[in-house]
Amino acid sequence: MKAQHTIDYALHLADDALVLGHRNSEWTGHGPILEQDIALSNIALDLIGQARYLYQYAARLMNATAASGKPEVTEDILAYLRDSWDFRNCLLVEQTNGDWGRTVLRQFFFSAYQYYFYRELQQSRDTELAAIAEKSLKEVTYHLRWSSEWVIRLGDGTEESHTRMVAALDGLWMYTGELFLPADYERSLSPGGIAVDLAVIQPFWEERVREVLQEATLALPSAVAQKGGKQGRHTEQLGFLLAEMQFLQRAYPGCEW
Amino acid sequence: MTSASEMIFQDKVDQDIRIEPKDWMPEAYRKTLIRQISQHAHSEIVGMLPEANWITRAPSLRRKATLIAKVQDEAGHGLYLYSAAETLGVSREEMIGQLHSGKAKYSSIFNYPTITWADMGAIGWLVDGAAIMNQVPLCRASYGPYARAMVRVCKEESFHQRQGFEILLVLSKGSDAQQRMCQDAIDRWWWPSVMMFGPNDDSSPNTAQSMQWKIKRFTNDELRQKFIDVCAEQVKLLGMTLPDPQLRWNEERQHYDFGPIDWEEFWNVVNGNGPCNRQRLAARVEAHEEGVWVREAAMAHAEKKIQYGKTA
Amino acid sequence: MEKQHNWPLWEIFIRSKQGLDHKHVGSLHAADAAMAIANARDVYTRRMEGISIWVVESKYVHASNPDEAESFYDPASDKVYRHPTFYDLPDELKHM
């Protein structure tokens, strides 16, 4: 049971990173200025890197517990051959990019979560997860700073940028609650010190968000939390994303690329 | 009669002493360099688009990551080059304006569509390959900032070409569909890559002056021949063919003979009538215009911060 | 009133992990110093650790070229680039 839950947990974290990395990569070549195109692509690369470590870990665990004779699971099989009901990313990361304001706000909410999350995960009893957390924390520290600065710039910039940030908040806030709603596999793994206890990091996240939104002259919204992503019940967005991402592997099954 | 400053300038160039931003230079040299460097920069930026097309469809995580990294490198190259051009007294804003108005050109190769995954391989192998042939000699260009930018660019470029070739190699050993994809991409990208080196030497009136100024180190035809010679050998490793029935090793010349280039197609594409000219430009214009509110907000905030009394 | 939306130019100086001093590596556009440093990290260091970055708005860098013969060195022109386009010219002089 623990092994299966650890696999689910690793997949959840990997899916989060991959889906957000994919979304960010949609901006490549279309950013508002060259320097920022590079910055966001870097963040996308970091996230995809995290996803790869986590998928590779999940694959190792799956191969170790699998019945002999079953074909080997790889990072690509996990990323390209699961349908949306098997993806365990939170709903926040699959939301469409919208404008630059929506993109940086989504990044801020998620990076703040990842920052406190990885900080805790470094102490995980699972040494592999702890190592991945330590490696990722450096990058995420940068993502958090970058996205906080942008939320502030745009919130407290011009009237137009402020209006757009209000709209972004309105569209995304409802997805932030899910970040702190533990899935079954998280609840089963946290007493044993493998998974992060989300209740511990939630106040830090809330404080950081409060601070940044205040400096950005943005009001803290309220909304009913949308959920289900961690359990494979997604918004309409994920289907389109996967259709595009997985096309070649699905159209030409069993090929090396 | 040549002035003393012109003589000193040319003397430096002849001795391979770099010309730096503060040095005197003929106005024609400055103008030619601005055009050459900025068009090179524009090419890198527009060149991001045909490859960025396939990022979201890259068929493995490794390919996804390396493709993003490659396209991001191209953004960086554009940035180094805009930076070099700005030392000559033109602003980024002016250069972007020239690109968007159609006044400035970019390499016509990027006006072709990327319609299969194999195009990513063909672009890396052929287009980056051609670019490298052009860029390595420019590492010794007479203008300091340009030469230094080229050194940076070249360091990163060889990885791109290897990546492209490897994509094709994997396809060439794959399923029937993949092999067909590989040959099809080569068939579409070969001639446009050959055309990347520009018109024949006898149709390039500026070559002589550029070579005297050492902002061009080899002629178009010299580079083109070198490129064809190298690719004709490399394609054998893929078990594929180049779409030129007249391609043949000439023992006497010690070079490959090759077929006629369709100059009509070349000029059509250069003059705006290629398959993707309008889309490429429209994408750049759109990104720029969509970005106005972002850039304005950032400046407004920077000013506010100063007023709030914080240091930037 | 036309809103300012062209970011100023910054010169970037990098000292590598083993380096002794900062080297000029190029320039980039940013709205403020924090952004300039973040961008420099992304563009000129590719996120390597242990690197020191200095950013200076180009208009604040003053330069001289001591090797030049005196007749070619214009003491009034002490800007880092010879050609004036990137300076903040008042609107009336913009087409100069």
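The structure this text deals with has already been given above.
Overview of the structure. Computed from a predicted model, the values in this text were never measured in an experiment. (Residues numbered from 1 in each chain as written. Chains lettered and ligands numbered in written order. Predicted model: local features only at pLDDT ≥ 70, side-chain atom pairs only at ≥ 80, totals over all residues. Heavy atoms only, no water.)

## Some points on the overall build of chain C
Counting its regular elements, chain C contains one helix and three strands. The 96 residues of chain C split such that 45% are buried. Once local pairs closer than 6 in sequence are excluded, the contacts in chain C between residues at least 24 apart make up 41%. Accessible surface, chain C: about 5,900 Å² in total, of which carbon and sulfur atoms supply 54%. (Helix = DSSP H or I, 4+ residues; strand = E, 2+ residues; numbered from the N terminus. Buried < 20%, exposed > 50% of the residue type's maximum accessible area, 1.4 Å probe, protein only. Contact = heavy atoms within 4.5 Å. Areas by Shrake-Rupley, 256 points an atom, 1.4 Å probe, with all protein chains shown as cover.)

## Some words on unusual backbone geometry
Residue T217 of chain A is not a glycine yet carries a positive backbone phi of 55°. Among the structural elements, T217 of chain A can be located in the loop between α9 (198–215) and α10 (236–251). We classify T217 of chain A as partly exposed; its relative accessible area is 42%. With a phi angle near 60°, D16 of chain B is a residue other than glycine that sits in the positive phi range. With respect to the element layout, D16 of chain B can be found in the loop between α1 (4–14) and α2 (27–52).

## A word on the environment of G177 of chain A
Relative to the helices and strands, G177 of chain A is located in the loop between α7 (159–172) and α8 (184–189). Separated by 86 residues in sequence, G177 of chain A and L91 of chain A place their C-alpha atoms 9.9 Å apart.

## A short note on the interface of chain C and chain A
Counting from both sides, the interface comprises 14 residues of chain C and, opposite them, 14 residues of chain A. With both sides pooled, the region where chain C packs onto chain A buries about 1,200 Å², and carbon together with sulfur makes up 54% of that total. Our count for the chain C to chain A interface comes out at one salt bridge. D32 of chain C is the partner of R153 of chain A in a salt bridge, and the nearest nitrogen-oxygen pair spans 3.5 Å. Along the contact surface separating chain C from chain A lie four residue pairs in polar contact (both at pLDDT 80 or more). When residues of the side of chain C that touches chain A are traced back to their parent elements, those giving at least two are β2 (23–29) and α1 (33–44) of chain C. Of all the elements, α1 of chain C adds the most residues to the side of chain C that touches chain A, at seven residues. Tallied by class, the residues present in the side of chain C that touches chain A amount to six nonpolar, two polar and six charged. (Buried area = accessible area lost by both parts, 1.4 Å probe. Salt bridge = Lys/Arg side-chain N within 4 Å of Asp/Glu carboxyl O. Polar contact = N/O pair within 3.5 Å; in protein donor to acceptor, adjacent residues only side chain to side chain. Nonpolar A, V, L, I, M, F, W, Y, C, P; charged D, E, K, R; others polar.)

## So, the pattern of salt bridges
Proximity of charged atoms lets side chains of opposite charge pair with each other. This structure, assessed with the given rule, holds 31 salt bridges over all chains. Between E75 of chain A and R52 of chain A there is a salt bridge, with its nearest N and O atoms 2.9 Å apart. Separated by 23 residues along the polypeptide, E75 of chain A in helix α3 (residues 75–80) and R52 of chain A in helix α2 (residues 34–65) bring together distant segments of the chain. Several salt bridges converge on common partners, so that one network encompasses E51, K70, E74 and D128 of chain B.

## So, the layout of surface pockets
Residue and element names in this part refer to chain B. Here the second largest pocket is characterised by a volume of approximately 1,400 Å³. In this structure, the second largest pocket is lined by 48 residues; those nearest its centre are Q39, N134, M196, F197 and G198. At the level of secondary structure, the elements contributing two or more residues to the lining of the second largest pocket comprise α2, α3 (61–86), α5 (118–138), α6 (144–172), α8 (207–212), α9 (220–238) and α10 (263–273). With ten residues, the single largest contributor to the lining of the second largest pocket is α2. (1 Å grid on protein atoms, 1.4 Å probe; cavity = no way out; pocket = protein on both sides within 12 Å on 5 of 7 lines; lining within 4 Å. Points joined across faces, edges and corners; volume = space filled by probe spheres on them.)

## Brief notes about the pairing of β2 of chain C
All names here are of chain C. Burial analysis of β2 places five of its seven residues in the buried class, which makes it a mostly covered element. By the bridge criterion, six bridges tie strand β1 (residues 9–15) to β2 in an arrangement that is antiparallel. Residue pairing across strands places L9 opposite H29, the latter belonging to β2. (Pairing = 2+ DSSP bridges.)

## A closer look at the packing of aromatic side chains
Applying the stated criterion across every chain, the model contains 30 aromatic pairs over all chains. Residues W27 of chain A and W100 of chain A carry aromatic rings whose centres are separated by 5.1 Å and whose planes lie at 90° to one another, so their mutual orientation is edge-to-face. Taken as a pair, W27 of chain A in the loop between α1 (2–25) and α2 and W100 of chain A in helix α5 (residues 100–121) lie far apart in primary sequence, 73 residues in all. On the numbers, 5.5 Å between centres and 85° between planes, the contact of Y29 of chain B with W213 of chain B is edge-to-face. One end of the pair, Y29 of chain B, is in helix α2; the other, W213 of chain B, is in the loop between α8 and α9, and 184 residues separate them in sequence. Both residues of the pair, Y29 of chain B and W213 of chain B, count as buried. What links up through ring pairs into an aromatic cluster is the set Y9, F108, F109, F110, Y113, F117, Y118, W173, F180 and W205 of chain A. (Phe/Tyr/Trp six-rings, centres within 6.5 Å; stacked < 30°, edge-to-face > 60°.)

## Description of the interface of chain A and chain B
Counting residues at the interface gives 46 residues for chain A, matched by 48 residues for chain B. For the pair chain A and chain B, the summed buried area comes to about 4,000 Å², and 68% of that belongs to carbon and sulfur atoms. On inspection of chain A and its partner chain B, the count reaches two salt bridges. A salt bridge links R92 of chain B to E35 of chain A, with the nearest nitrogen and oxygen atoms 2.6 Å apart. Remark: the boundary between chain A and chain B carries 17 residue pairs in polar contact (both at pLDDT 80 or more). Elements represented by at least two residues in the side of chain A that touches chain B include exactly α1, α2, α3, α5, α6 (127–155), α7 and α10 of chain A. The leading source of residues in the side of chain A that touches chain B is α2 of chain A, at ten residues. A breakdown of the residues in the side of chain A that touches chain B according to their chemical character gives 19 nonpolar, 13 polar and 14 charged.

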